[in-house]
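Secondary and tertiary structure notes
The primary structure of each chain is shown beneath.
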Amino acid sequence: MTINRRVQTLDEFTIQQLRNFPNATGELSGLLRDMGLAAKRVNVEVNKAGLIDILGDAGSVNVQGEEVKKLDVFANNQFVGVLRHGISCAGIGSEELDDILVFDDEISNNSKYVCLFDPLDGSANIDVNVSIGTIFSVFRRVTPVGTPVTLADFLQPGIKQVAAGYVIYGSSTILVYATRRGVNGFTLDPSIGEWTLSHPDIKCPPAGKIYSVNHGNFFQYEEGVRKYINVCQQKEASEGGPYTQRYIGSMVSDVHRNLIKGGIFMYPALKDKPGGKLRLLYECSPFAFIVEVAGGLATDGKQRILDIQPTHVHQRTPLYIGSKLMMEELNSYINPDQS
Ligand code: AHM
């Protein structure tokens, strides 16, 4: 077997990045390594979900009022476990937990980061072999190092993120993470069990031809959104139209595809749910950070997602995210007074 030494692993990549910052402590690299380790464990279970009795409901209902699947519980435990035992994270917030979890031991209290995550997004798709994923967000704590973290460390606007990322457990398994310096993707090489750099310096194409939205909710959307959807369907061939509608119902995969190929993903407010469905801190804010670093845009229809000051960890928000020009065209329909 020949070994391709040009392949760069996640660890090699983060260590190389560290060289650009002489004062860096390596804590963030450690945290990313921890997330990668937990994701590998989750990947193993996702792959054998059809073989063993890990499918199906765990029987409990999470804080969002949704049924918790067994793999959600497993994934949550993996991420909590690695971060608790690592040296980089002082506490976590998880979509699966009612409250933040403050690790409160000597090592953790001296860590400078907190992490928020959705351990298994798109869980309605678990039983039918559709790609699911993990989404995470890293903030530098605002309380003094050496003390236990508090809610204030988690309730920060997305613009303060130090890093954000996601993992897709799909036809291959990929970990994508962003810092202010760029967005990079690492595909898991199962033969060596390593994340290897496969998508360096990801840029979101400014224009695209894909729109992703739940069409079943069409008549629940505000008028401007409905107009924009009609515009996507009526685009002339000379404008690349008609656009293609693609909606997996697994946000990680939908947004990843649009990030790579160009496109827009929308989860608007619904008549009976003005906040939409998606969670600001576990889903929208990390993706907004990643897509903006890659050159795209993300709003709640009125303001940048990254500027929203959260008031509680489980709050929801409408989301519009994707290629810059598509987002600008959408905005001309939902905020006609601004154009
Ligand atoms: P989940 O947290 O229960 O997994 O729900 C989040 C998922 C997203 O991945 C996806 O974009 C959305 O729910 C789909 O919702 P809908 O079926 O209402 O279109």
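Residues numbered from 1 in each chain as written. Predicted model: local features only at pLDDT ≥ 70, side-chain atom pairs only at ≥ 80, totals over all residues. Heavy atoms only, no water.

1. Thoughts on the site of the ligand
For clarity, the cut-off: Note on definitions. A residue lies near a molecule or strand when any single heavy atom of the residue is within 4 Å of it. Any N or O atom pair separated by 3.5 Å or less is treated as a polar contact, with the protein-specific requirement of one donor-capable and one acceptor-capable atom, and with residues adjacent in sequence counted only for side-chain atom pairs. For every accessible area listed, the method is Shrake-Rupley and the probe measures 1.4 Å; residues are considered covered only by the protein chains on display. Think of it as three bins: nonpolar holds Ala, Val, Leu, Ile, Met, Phe, Trp, Tyr, Cys and Pro, charged holds Asp, Glu, Lys and Arg, and polar takes everything else, Gly as well. Where each domain starts and ends follows an automatic or database-derived domain assignment.
Neighbouring the ligand are 14 residues; Asp 121, Gly 122, Tyr 247, Met 251 and Tyr 267 lie closest to it. Here an oxygen atom of the ligand and a side-chain polar atom of Tyr 267 are 2.6 Å apart. Within the complex, the protein chains bury 84% of what would otherwise be the 470 Å² of accessible surface of the ligand. Looking at the shell around the ligand, its residues break down into 4 nonpolar, 5 polar and 5 charged. The two domains that each donate at least three residues to the shell around the ligand are domain 1 (10-199) and domain 2 (210-338).

2. Let's talk about the domain arrangement of the protein chain
Operational definition: Residue contacts are counted whenever heavy atoms from the two residues lie within 4.5 Å of one another. Once two parts are put together, the accessible area they lose, assessed with a 1.4 Å probe and summed over both, is termed the buried area. We count a salt bridge whenever a side-chain nitrogen from Lys or Arg sits within 4 Å of a carboxyl oxygen from Asp or Glu. For the purposes of this entry, the term helix denotes a DSSP run of H or I that reaches at least four residues, the term strand denotes a run of E that reaches at least two, and both are numbered from the N terminus.
Domain assignment breaks the protein chain into domain 1 (10-199) and domain 2 (210-338). Between domain 1 and domain 2, the C-alpha centre-to-centre distance is 24 Å. Counting from both sides, the interface comprises 45 residues of domain 1 and, opposite them, 32 residues of domain 2. With both sides pooled, the region where domain 1 packs onto domain 2 buries about 2800 Å², and carbon together with sulfur makes up 64% of that total. One salt bridge connects Arg 279 with Glu 95, and the closest N-O pair in it is separated by 2.9 Å. Sorting the residues of the side of domain 1 that touches domain 2 by element identifies strand 3 (89-94), strand 5 (113-121), strand 6 (132-140), helix 5 (151-154), strand 7 (161-169), strand 8 (173-179) and strand 9 (182-189) as the ones contributing at least two each. For the side of domain 1 that touches domain 2, the element with the most residues is strand 7, which contributes 8 residues.

3. Quick notes on the layout of surface pockets
Definition in use: The definitions used throughout rest on a 1 Å grid laid over the protein atoms alone, on which a cavity is an enclosed set of points accommodating a 1.4 Å probe that cannot get out and a pocket is an open set flanked by protein within 12 Å on both sides along at least five of seven lines; lining residues are those having an atom within 4 Å of a point. Grid points are joined across faces, edges and corners, and a volume is the space filled by probe spheres set on the points.
One number sums up the size of the largest pocket: a volume of about 590 Å³. In terms of lining, the largest pocket is formed by 26 residues, of which the most central are Phe 21, Leu 28, Tyr 113, Val 162 and Thr 179. Elements with a minimum of two residues in the lining of the largest pocket: helix 1 (10-18), helix 2 (27-47), strand 7, strand 8 and strand 9. Considered class by class, the residues forming the lining of the largest pocket number 10 nonpolar, 10 polar and 6 charged.

4. Re the packing of helix 6 (residues 223-233) against helix 9 (residues 324-334)
What counts here: Comment: axis = line fitted to C-alpha atoms, over the contacting stretch for helices; angle = value between 0 and 180 degrees taken between N-to-C directions. Roughly parallel covers angles under 35 degrees, roughly antiparallel covers those over 145, roughly perpendicular covers 65 to 115, and oblique covers all other angles. By definition, turning the near helix anticlockwise from the far helix through less than a right angle yields a left-handed crossing, and turning it clockwise yields a right-handed one.
Contact geometry of helix 6 with helix 9 gives a least axis separation of 8 Å together with a crossing angle of 135°. With respect to helix 9, the axis of helix 6 lies oblique. Helix-helix and strand crossings are classified by hand; for helix 6 and helix 9 the assignment is right-handed. Residues Gly 224, Val 225, Lys 227, Tyr 228 and Val 231 of helix 6 pack against Met 326, Glu 329, Leu 330, Tyr 333 and Ile 334 of helix 9. Looking at the contact of helix 6 with helix 9, its residues break down into 7 nonpolar, 1 polar and 2 charged.

5. A closer look at the pairing of strand 5
Two faces, one strand: in a regular strand the side chains alternate between the faces of the sheet. As a reminder of what qualifies: The classification of residues rests on relative accessible area computed with a 1.4 Å probe and restricted to protein chains. Under 20% of the type maximum is buried, over 50% is exposed, and intermediate values are partly exposed. When DSSP locates at least two bridges between a pair of strands, those strands are taken to pair.
In terms of burial, strand 5 is largely enclosed, as 9 of its 9 residues are buried. One ladder, built from 4 bridges, connects strand 3 with strand 5; its direction is parallel. The residue of strand 5 that forms the bridge with Cys 89 is Tyr 113. Pairing of strand 5 with strand 6, which is carried by 7 bridges, proceeds in the antiparallel orientation.

6. Here's the deal with empty space enclosed by the protein
Tallied over the full model, the rule gives 1 cavity of 30 Å³ or more. The computed volume of the largest cavity comes to approximately 30 Å³. Residue lining of the largest cavity: Cys 204, Val 255, Asn 258, Leu 259, Gly 263, Phe 265, Val 291, Ile 321 and Gly 322, and that is the complete set. When residues of the lining of the largest cavity are traced back to their parent elements, those giving at least two are helix 7 (251-261) and strand 15 (319-322). If you tally residues by element for the lining of the largest cavity, the top one is helix 7, at 3 residues.

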